Amino acid sequence: MVVAAVLGAAGGIGQPLSLLVKQNPAIKELRLFDVVPVVKGVAADVSHVDTPAITTGYVKDEDGLKHALKGADIVIIPAGVPRKPGMTRDDLFNINAGIVRDLAQGIAENCPKAFVLIISNPVNSTVPIAAEVFKAAGTFDPKRLFGVTTLDVVRASTMSAQAIGKPNDASQYTIPVVGGHSGVTILPLLSQSKPALPESLFSDSEKLKALVNRIQFGGDEVVQAKAGGGSATLSMAYAGYKFAEQLIAAAFEGKKGVVAPSYVYVADNKDVQKEIGQDLAFFSVPVELGPNGAEKLHPLGQLSSYEKELLQACLGELPGSITKGVNFIQQPK
Ligand code: NAI
């Protein structure tokens with residue numbers, strides 16, 4: 001059975017995510033960590049749910065991080081500040097970079113073999129930060145580090161179903177979303193939807209562009225509607241758990257054929273480099289999950305000419321975000 005930890009568990013994402021993780025029968029222990037003491041109350045609250053996971057809360061003082069992480073199999077990180085209107089995910093870098101660095105250090109020291117799922121934004125940079133911390137500690141396993149981009153996948157299904165006038169059918173459309181997790185770096189491959197989206201969508205270039213834009217900037221709808229109250233939390237908790245559930249099933253319960261897009265280390269994968277036409281260290285691709293984590297990276301496949309343009313826009317921004325994360329650790333100011 002699995003030991004799971006949620007870091008930043010008292011937050012807008014952390015609380016509903018912890019509740020969802022608690023419902024997974026494969027979890028034997030669920031440890032909730034945060035810098036604010038209310039996390040102990042969140043743990044007490046969640047612990048009453050009648051599922052197997054024994055749920056405990058830890059705060060930063062009292063050596064809480066160590067106790068939360070010791071021997072954990074899977075660590076999910078939604079710690080950090082969220083966006084306010086007018087902010088991009090990159091604006092969060094100054095605060096969240098240091099948070100992710102310190103939590104990654106704790107993972108390297110206490111559960112170096114854990115699967116690590118990073119939700120804290122900007123994911124395009126925070127995942128490289130965690131990788132650099134793990135490399136410096138000698139614990140980096142590229143198969144075990146994931147940037148959670150599942151909300152983009154979830155939005156792609158929902159928004160595509162709405163765009164084609166079938167809003168009740170969102171769950172029927174599986175659409176790979178690749179690239180990064182911010183604005184134009186988000187590359188939804190609508191042409192690869194299963195089942196296929198109707199031809200009428202692809203022949204109406206304005207409609208297609210509007211849909212892609214909505215998927216890329218869907219987070220802004222929530223940020224604006226919350227008007228200063230934060231960014232997506234409930235749909236993110238749903239998406240974060242969806243990915244965690246897939247990983248748990250594939251890694252610990254022997255489920256085969258589980259493929260989900262995630263922002264992973266691709267530096268040593270020549271096929272991916274060739275497809276994107278650049279030497280990039282991180283990129284979101286459909287990942288086949290298994291006992292060791294990211295067992296196999298699937299190709300992006302055939303892109304339409306419009307998707308090729310979108311890929312170029314993604315490549316205009318993503319390398320800088322990766323370098324920013326790497327430099328934060330390699331050349332600290
Ligand atoms: P929030 O402010 O409601 O919660 C964040 C929690 O992190 C708080 O409880 C805070 O006390 C805690 N925290 C801060 N520093 C910490 C540390 N050093 N160790 C442990 N916990 C710490 O924020 P919310 O809305 O839950 O968002 C969290 C993060 O998730 C943000 O960075 C946000 O941008 C990101 N996010 C990512 C998405 C994705 O698709 N990957 C989607 C939506 C948000």
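Preceding this section is the structure that the text describes.
Bear in mind the structure is a predicted one, so any value in this text is a computation, not a measurement. (Residues numbered from 1 in each chain as written. Predicted model: local features only at pLDDT ≥ 70, side-chain atom pairs only at ≥ 80, totals over all residues. Heavy atoms only, no water.)

Novice: Please clarify how the packing of aromatic side chains should be interpreted in this entry.
Specialist: Aromatic rings considered in pairs are described by the distance between their centres and by the relative angle of their planes. Under the definition given, this model contains six aromatic pairs. Seen from their ring centres, phenylalanine 140 and tyrosine 265 are 5.1 Å apart, and the 85° between their planes marks the pair as edge-to-face. With phenylalanine 140 in the loop between helix 5 (123-137) and strand 6 (145-147) and tyrosine 265 in strand 9 (residues 258-265), this pair connects stretches of sequence that are 125 residues apart. Taken individually, phenylalanine 140 and tyrosine 265 each receive the classification buried, so the pair is uniform in this respect. Three or more aromatic residues link up through ring pairs in this structure, and these residues are Phe140, Tyr263, Tyr265 and Phe282. Across the ring face of phenylalanine 93, the terminal group of lysine 324 is positioned such that the distance to the ring centre comes to 4.6 Å. (Phe/Tyr/Trp six-rings, centres within 6.5 Å; stacked < 30°, edge-to-face > 60°. Helix = DSSP H or I, 4+ residues; strand = E, 2+ residues; numbered from the N terminus. Buried < 20%, exposed > 50% of the residue type's maximum accessible area, 1.4 Å probe, protein only. Lys NZ or Arg CZ within 6 Å of the ring centre and 35° of its normal.)

Novice: Could you clarify how one ought to interpret the site of the ligand in this entry?
Specialist: The full set close to the ligand counts 29 residues, and Gly12, Ile13, Asp34, Asn96 and His181 are the nearest of them. Separating an oxygen atom of the ligand from a side-chain N or O atom of asparagine 121 is a distance of 3.2 Å. Here the ligand, which alone exposes 870 Å², has 87% of that area covered by the protein. Elements with a contribution of two residues or more to the shell around the ligand: strand 2 (27-34) and helix 4 (93-110). In terms of residue count, the dominant contributor to the shell around the ligand is helix 4 (three residues). In the shell around the ligand, the residues fall into 18 nonpolar, ten polar and one charged. (Near = heavy atom within 4 Å. Polar contact = N/O pair within 3.5 Å; in protein donor to acceptor, adjacent residues only side chain to side chain. Areas by Shrake-Rupley, 256 points an atom, 1.4 Å probe, with all protein chains shown as cover. Nonpolar A, V, L, I, M, F, W, Y, C, P; charged D, E, K, R; others polar.)

Novice: Would you take a moment to explain the side chain of serine 125 for this structure?
Specialist: Note that serine 125 resides in helix 5. For serine 125, a relative accessible area of 0% gives the class buried. Leave out the neighbours within four places in its chain, and serine 125 touches Asp90, Phe93, Ser321, Lys324 and Gly325. (Contact = heavy atoms within 4.5 Å.)

Novice: Just to check I follow, could you spell out the side chain of serine 182 for this structure?
Specialist: Relative to the helices and strands, serine 182 resides in the loop between strand 7 (177-179) and strand 8 (186-188). Setting aside residues up to four positions removed in sequence, serine 182 forms contacts with Arg89, Asn124 and Glu317.

Novice: Even after reading the chapter, I still don't get the environment of threonine 149, so can you show me in this structure?
Specialist: Tracing the backbone shows threonine 149 in the loop between strand 6 and helix 6 (150-163). Taking the C-alpha atoms as reference points, threonine 149 and leucine 289, 140 residues apart in sequence, are found 15 Å from one another. Not counting chain neighbours up to four residues away, the residues in contact with threonine 149 comprise His181, Pro261, Ser262, Tyr263 and Ser284.

Novice: What am I meant to see in helix 6 here?
Specialist: Under the 1.5 Å per step criterion, the end-to-end length of helix 6 is 20 Å for 14 residues, consistent within 8% with the ideal 20 Å. Of all 14 residues in helix 6, eleven are buried; the element is thus mostly enclosed. Taken residue by residue, helix 6 has Thr150, Leu151, Asp152, Val153, Val154, Arg155, Ala156, Ser157, Met159, Ser160 and Ala161 as its buried positions. The elements touched by buried residues of helix 6 are strand 7, strand 8, helix 8 (205-216), helix 9 (218-226), helix 10 (234-252) and strand 9. Residue glycine 165 follows helix 6 closely and has a positive phi angle near 75°. (Expected span 1.5 Å × (residues − 1).)

Novice: When you look at helix 4 in this model, what are you seeing that I'm missing?
Specialist: Turn by turn, an α-helix covers 3.6 residues, leaving residues three or four places apart pointing in a common direction. Helix length check: helix 4 (18 residues) gives 25 Å between terminal C-alpha atoms against 26 Å at 1.5 Å per residue, within 8%. Three or more residues of helix 4 are buried, namely Phe93, Asn96, Ala97, Gly98, Val100, Leu103, Ala104, Gly106, Ile107, Ala108 and Asn110.

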